[in-house]
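Examining the three-dimensional arrangement
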Amino acid sequence: MTAIGQDTLGTRDTLKVGGKDIAYYSLKKAAAKLGDVSRLPFSMKVLLENLLRFEDGVTVTTDDIQAIVDWQNDKGKAEREIQYRPARVLMQDFTGVPCVVDLAAMRDAMTALGADAGKINPQVPVHLVIDHSVMVDEFGTPKAFEQNVEIEYQRNMERYDFLKWGSKSLANFYAVPPGTGICHQVNLENIAQAVWSSEGPDGVTVAYPDTCVGTDSHTTMINGLGVLGWGVGGIEAEAAMLGQPVSMLIPEVVGFRFTGELKEGVTATDLVLTCTQMLRARGVVGRFVEYFGPGLATLSLADRATLANMAPEYGATCGFFGIDDKTLDYMRLTGRTEENIALVEAYAKEQGFWIDPSVEPVFTDTLELDLGTVVPSLAGPKRPQDRVSLPEVDDVFNADMEKVYKKAQARVPVEGKDFDIGDGDVTIAAITSCNQHLEPRRPGRRGPRRQEGERTGPEAQALGQDLAGARLAGGHRLSGKGRASVASRRRWLQPRRLWLHHLHRQFRPAGRADQQGDQRKRPGRRRRHLRQPQFRGPRVARRARQLPGLAAAGRRLCAEGHGGRRLHHHADRDWQGRSAGVPEGHLADQR
């Protein structure tokens, strides 16, 4: 949201980036009047900038701003309430649809009163990602993914029609179509900018930290990119969408210091299980967690996002990271423009959001971990904080069978095969966790370790080859160094009858700054260029078949028959909102 405050402290300044003058609210100017802020945690600096920008003397006062500066002394122990306004709102379809329904109802009321219904719009950018409609109807076959995509469109087309109407008719509302990915991955790879900018009432572009609230608890994943965000309920998200502030106490911030480097073969999942165990033991409910220290430079942004994603599991409001070269590298990898990246770097260094190993912030409490001590682990058997190191799994399992489940271990023969299966065997039923979407290499390491899965013979068969119905919901759009491809994953999975039942996201190379869409090869067709929809709703297709947003695999399904019956894909339908019962007056708004 563009600045609306009165700037009593006179902190507004100008930053020149790429030959352009961009306005911002300077923390250095605030420090000159209110006191040093150099050792504030990065997350508290984000809150400080937010209050400076929205200081209006009513909802935000200079006393509120001073309270943030004084945090370095009281470390969050002073219970003071502030009004925080996030830059944008992230929604998924289950909780987002009611919000759009409310906007449509308000437009109806405006029309009934004879007023302009077009004045009803979100006051901040809202991105609604259709990702929670996925269901597994078909599995265990090579065409499971394609069939599930088709069924998804048939089952949910009425809601999709309505959301398409919203994306065309409402300002500041963007619907990300189905088949594009889970909302957190779309947020991390496409929507988030680390530093947001928008045009103010005076026509001047204003830059400020990218912040968000989302209607999913794992919205916290975005903190790995230096974007302050967390999950809220639908009512709170709708209030933020309409420009209302989020009322919150100034939080305590727990620092988590990393040293050393992860050993070969240790994954981010092993790291996050270790951190979760430590943080739950310390107690961080209602607090911010911020990661820092020399070991941070050794973690990729995917690893950081995994740590941030698990904030609900370790109980914190968020797990925040500052901005550094790893952030910029990831933004380049995911196709952000060089102009945007230059703004992020210049703004972060000017405002003190850039990670400086020589300066350690003040925290309410601090934990420390040598990354070299992290070992491969499994979570469970019940809770994510119940971490078990791999060498101890056998003993822990046997003890749990005896003491927790109070039953003897049993094994049964597999009919028609020369092996059996029983308690203690590691099998894969499904991998759908949003944590696994961060790093395509990781699903091959979950459940049985990769070397276990690549063995031959009866033991390997028991681990996967004959698990009828085994399914994997993968999904990642990144490729390149260290990234798996669909083809390579299929080559490993298919001999073991592990089929992709629903790829939340089609893989693609990271886009160039000037690339308008990704270029993919249609399975079974000659090579064509398929455009990925931009995150701007009011795009109108020239023909129904060019409807933006349909997954590449889904667009060809209407030509295939399944089981003697012809399933017609809804790509041929005009996604205008008429079948959703949207009043014609609203549709007329967009024409």
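Up top you'll find the structure we're talking about.
The structure reproduced in this document is the subject of the present report. (Residues numbered from 1 in each chain as written. Predicted model: local features only at pLDDT ≥ 70, side-chain atom pairs only at ≥ 80, totals over all residues. Heavy atoms only, no water.)

Let's talk about the sheet that holds strand β5 (residues 126-129)
Spelled out, the test is: Strand pairing is assigned whenever DSSP identifies at least 2 bridges connecting the two strands. Counting from the N terminus, the helices are DSSP H or I runs at least four residues long and the strands are E runs at least two residues long. Axes here refer to lines fitted to C-alpha atoms; in helices the fit is confined to the stretch in contact. Angles between the N-to-C directions go from 0 to 180 degrees. We call two residues contacting when some pair of their heavy atoms lies within 4.5 Å.
Taken together, the five strands give an open sheet; going across it, the order is β6-β5-β4-β9-β10, and neighbouring strands pair in parallel fashion. Strand pairing shows two members of the sheet lacking a second neighbour, β6 (173-176) and β10 (228-231), which therefore form its edges. The mean angle between the axes of side-by-side strands here comes to 20°, regardless of whether they run parallel or antiparallel. Contacts from helix α5 (residues 93-112) reach β4 (88-92), β5 and β6, with the element oriented near 115° to β4. Strands in contact with helix α7 (residues 183-191) are β4, β5, β6 and β9 (211-214); relative to β4, the strand with the most contacts, it is inclined by about 140°.

Quick word on the nonpolar core
Formally: Definition of nonpolar core: a set of buried residues of the types Ala, Val, Leu, Ile, Met, Phe, Trp, Tyr and Cys, connected through side-chain atoms within 4.5 Å. Using a 1.4 Å probe on the protein chains alone, a residue whose accessible area is under 20% of its type maximum counts as buried, one over 50% counts as exposed, and one in between counts as partly exposed.
Formed by 122 residues in total, the largest nonpolar core has its most connected members in Phe258, Leu271 and Tyr291. What Tyr291 contacts, discounting residues up to four positions off in sequence, is Phe256, Phe258, Leu279, Leu296, Leu307, Tyr314, Gly319, Phe320 and Phe321. Among the nonpolar cores identified, the runner-up in size contains six residues, and Leu90, Val129, Cys183 and Ile191 belong to it.

Points about the packing of α5 against helix α8 (residues 234-241)
The criterion, for reference: In what follows, roughly perpendicular refers to angles from 65 to 115 degrees, roughly parallel to angles under 35, roughly antiparallel to angles over 145, and oblique to any angle outside these ranges. Left-handed describes a crossing whose near helix is turned anticlockwise from the far helix by less than a right angle; the clockwise case is right-handed. When residues are sorted by character, Ala, Val, Leu, Ile, Met, Phe, Trp, Tyr, Cys and Pro go into the nonpolar class, Asp, Glu, Lys and Arg into the charged class, and all the rest, Gly among them, into the polar class.
Taken N-terminus to C-terminus, the directions of α5 and α8 make an angle of 50°; their axes are 10 Å apart at the nearest point. When the axes of α5 and α8 are compared, the pair comes out oblique. Viewed along their axes, α5 and α8 form a crossing whose handedness is right-handed. Where α5 approaches α8, its residues Cys99, Asp102 and Leu103 are matched on the opposing element by Gly234, Glu238 and Met241. Within the contact of α5 with α8, the residues separate by chemical class into three nonpolar, one polar and two charged.

A word on the environment of His127
Tracing the sequence through the fold places His127 in strand β5. With 31 residues separating them along the chain, His127 and Gly96 place their C-alpha atoms 9.2 Å apart. His127 has contacts with Val89, Leu90, Met91, Tyr174, Ile191 and Trp196, leaving out every residue within four places of it along the chain.

From the geometry alone we can't say anything about function, so treat these as descriptive.
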